[in-house]
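An overview of the molecular structure
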Amino acid sequence: MIPLPPDLLARQTNAAELPFRCTSELNDISELIGQSRASEAIQFGINICHDGYNIYVAGPVGSGKQTLVRQLVESRAQDAAPPCDWCYVHNFLNAHRPIAIGLPAGLGRELSEQMAQAVEYLKSAVPALFAGEEYRSRRDTIMKDFVERQEDAFKKLSHHANSLGIAFLRTPRGFAFVPQKGEEIIEPQEFERLPEQERTRLLGHTAELQSELEKILDAIPHWWRERAESLKTLDQETLKTIVWQMLEKIRQQFIDHPAVVAYLDSVARDITGHSEVFRTSVTNGSHDEHGSDGRHLEFMDRYKVNVLVGDGLHHGAPIVAEENPSYPNLIGRIEHMSEMGTLVTNFTLIKAGALHRANGGYLLLDIRRVLSNPFSWEALKRALRSREIRIESLPQVVGLISTVSLEPEPIPLNLKVILLGDRFFYYLLAELDPDFLELFKVTADFDDRVMRNNEANLLYAQMLASMVRRYELMHLDDLGVARVIDHAARLAGDAYRLTMHARSILDLLQEADHIARLDKATKISESHVQRAIDARVHRLSRYQQRIHEEILRGTVLIDTTMSTIGQINGLSVVELGNFTFSQPVRITAKSRFGTGDLINIEREAELSGALHSKGVLILAGFLSTRFAKSQPFALNASIVMEQSYGRVDGDSASLAELCALMSDLAGVPIDQHFAVTGSVNQMGEVQPIGKVNEKVEGFYDICCARGFDGRHAVVIPVGNLDHLMLKREVVEAARCGHFHVYAVRSVDEAISLLTGSPAGLPDAAGTYPRHSVNGRIAERIRQLSGVQRATRLRVHSGVGLGRAAQTPRISLRRHG
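Right, let's walk through the structure included here. Source: prediction; values computed, not measured. (Residues numbered from 1 in each chain as written. Predicted model: local features only at pLDDT ≥ 70, side-chain atom pairs only at ≥ 80, totals over all residues. Heavy atoms only, no water.)

A look at the overall build of the protein
Within the protein, the secondary structure is distributed over 27 helices and 32 strands. Expected size for 816 residues packed as a compact globule is a radius of gyration near 28 Å; at 49 Å, the protein overshoots this value by more than 25%. Taken along its principal axes, the extent of the C-alpha atoms in the protein is 165 × 110 × 50 Å. Burial statistics for the protein: of 816 residues in total, 46% are counted as buried. With an accessible surface of roughly 41000 Å², the protein has 52% of that area assigned to carbon and sulfur atoms. Taking the 91 positively charged and 102 negatively charged side chains of the protein as two groups, their mean positions are separated by 9 Å. (Helix = DSSP H or I, 4+ residues; strand = E, 2+ residues; numbered from the N terminus. Rg over C-alpha atoms; globule rule 2.2 N^0.38 Å. Buried < 20%, exposed > 50% of the residue type's maximum accessible area, 1.4 Å probe, protein only. Areas by Shrake-Rupley, 256 points an atom, 1.4 Å probe, with all protein chains shown as cover. Lys, Arg positive; Asp, Glu negative; His and termini not counted. Charge placed at Lys NZ, Arg CZ, Asp CG, Glu CD.)

Description of the pairing of strand E26 (residues 635–641)
Within E26, seven of the seven residues are buried, which leaves the element mostly enclosed by the surrounding structure. Side chains Leu635, Ala637, Ile639 and Met641 of E26 all project onto a buried face; the interleaved residues Asn636, Ser638 and Val640 project onto the opposite face, where all are buried too. With seven bridges joining them, strand E24 (residues 579–593) and E26 adopt antiparallel strand pairing. Following the sheet pairing, Ser591 is matched in E26 by Ala637. (Pairing = 2+ DSSP bridges.)

Details of the packing of helix H17 (residues 478–492) against helix H19 (residues 526–540)
At a minimum axis distance of 7 Å, the contact between H17 and H19 shows a crossing angle of 30°. Only Glu526, Val529, Gln530 and Ile533 of H19 make contact with H17, whose side of the interface consists of Leu479, Gly480, Arg483, Val484 and His487. (Axes fitted to C-alpha atoms, helices over the stretch in contact; angles between N-to-C directions. Contact = heavy atoms within 4.5 Å.)

Some details on the side chain of His712
Here His712 lies in strand E31 (residues 712–717). Of the polar contacts made by the side chain of His712, one reaches the backbone oxygen of Thr560; its length is 3.0 Å. Looking at His712, its side chain comes within polar contact range of the side chain of Asp709, at 3.5 Å. Ignoring sequence-local partners within four residues, the contact set of His712 consists of Thr560, His673, Cys703, Gly707, His738, Phe739 and His740. (Polar contact = N/O pair within 3.5 Å; in protein donor to acceptor, adjacent residues only side chain to side chain.)

Side note on the packing of aromatic side chains
Any aromatic ring pair is given by two values, namely how distant the centres are and how the planes are angled relative to each other. Throughout the structure, instances matching the rule amount to 18 aromatic pairs. Judged by centre distance (6.3 Å) and plane angle (20°), the ring pair of Phe92 and Tyr263 falls under stacked. Taken together, the positions of Phe92 in the loop between strand E2 (85–89) and strand E3 (99–103) and Tyr263 in helix H7 (residues 258–273) put the pair 171 residues apart, joining distant regions of the chain. Aromatic side chains Phe424 and Phe425 sit 5.4 Å apart centroid to centroid with 75° between the ring planes, which places their arrangement in the edge-to-face category. Taking relative accessible area as the criterion, Phe425 reaches 12% and is therefore assigned buried. (Phe/Tyr/Trp six-rings, centres within 6.5 Å; stacked < 30°, edge-to-face > 60°.)

As structure tokens, then:
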């Protein structure tokens, strides 16, 4: 078998074919390349105006999801009408339920400023009004009328008493009626000397007068109330003129908004209804309102307007990206103040959440952050289902407390929510949350890779030029662009694809820019890009280097020179964060007479993953189907990855495991110059695997460190040819004949290459050539099957003789 030519080991970009010499010659790219499907889905989602058509943007972190979403949303939002302003005002009928008022953009701030000016005007105008001559004169008149009315009643009573010979006296202890004679008061001793008839007359008149006095005294509280009502009416009439005059200007400005007009009417009624407060304490602001539920509000603050959202400075629909979507940050919150050891609140302490700020526009959320914040996901769904934002504290939501607090009126919700996250979360929510697909009917699935061709290379170069300009980096020459494109193919794991993970490419550009500036270069060249790649690998390869050291010291046993029966070099992959590398691993297989069990030692030790166990079971199916269709599979075998102390998963070692087992069965040694990767099916076909470049390079590094002899090679599946993007040093080693890569389609091709012996094809009768690998295995299986049949025959014969021998003994005892 001929090794692969070096040109197939890496598809390198020819810089001469690029239609530019420097990225400064290229225009910026308008949108991400290769994302037409996702772009169309996003545009569909933001344009359709029906319930539930929110958007889930699926793709890995760093793929440019948020950049593309923002571009498309901004182009749509800039032409949209700005959303309404939303304000909360005091509810004069039910203080714990503040009223929500929606106004056209900019008018919320205007209403707040107008009301603030009105309150300030009241603070200065009302005291002056109550101190005015007209008010004081009218108030004095009311007071005088009350005093005169009271005095007139007492005078009439006094005249009546005098006409009856009785004096009406006012003393510090109250009122008294005493008999008099002329102007003189009759003393008690003298009263006793009066005739009986005179005493009776005086006592009767005194009782009548006492009754009249009681009527007057009973009427006095009523007169006080009338005076108070008159004073209150005076205060209200005095305030009414100035209040209605003050609010009329605001009313005319908001005449087209019934909610504001109704609110202004409530304000006017409340101010005039609290005239005594204005008259007695508005000047020093000493009057507070303490509700029974603990809310506190400075009296004049009740006329403020709490503008929740809207400043009138932004145009178009809002675009809000909430980085911390906690429950209060999402739906809003009611803040509290500490006052005398008690937490109190009022409607001015209601604060907006992301839903309020994005209402009428677009809300961008990271699904991972939403799900990691308790109650945020349920709150978001509740708002989208009800199409309203209801501000509730968390203790109220979960029912932990029952204290009375504010219950602001809900605000109507009309926005597009765009969730950004991995595909994992999309499928997880679709499976477990019945509301998810009803609320997020549009999926924008970002492609991880894009087809690699000349057109795509040019677009990729334009993307690099855009990144350079956006992040103020040095421009790349054509060789530097070519090297970045090759690296993008390597990151994609495919020679005919380019990665769309923009974050990785930007990191490479920034690191190459740093190196170029240290070299005082004017452009980023190929060498700068390569040094950036090498430097990153060096920073992350400490663990890889330690493993290679242990292999080179002989602590980890890897043979790269001998030929051994039942032993082969497999290739395993280690992923540590964002760094992936491969290391050779010795795989051994041993067979013996048995009952057809193929033992996976990793599985027995509970170190085998499901995919690895599946691969081993496929080997058993292949061997029994090929070599034991018409005879017992009288074989027990064990397979193990030597010196493996961690969990093993994946089926990419199944080809190596099968070749090791076939080597042991056939008694044919495997050349240890080879390392093998690939999976097999029950038909013996070799199937492609992942991380093929890392696996080839992992074995190359060990062979390079030990020294080449021209025979070292890696065997890979033919299906992985399009995925080869090997390091340049590996390609050069292959070009010089030091290292080779072979591609096989079947296990027969692999075993022939590894052993140097033909695998052998069956003839018309299904018989393999005797000295071929398959022929040796078939012969071994026949021998083991023969042993099994002979063993069964001996066991069967032994059972029969035993019974025959026992029968005479029983018979003799009976006859005896």
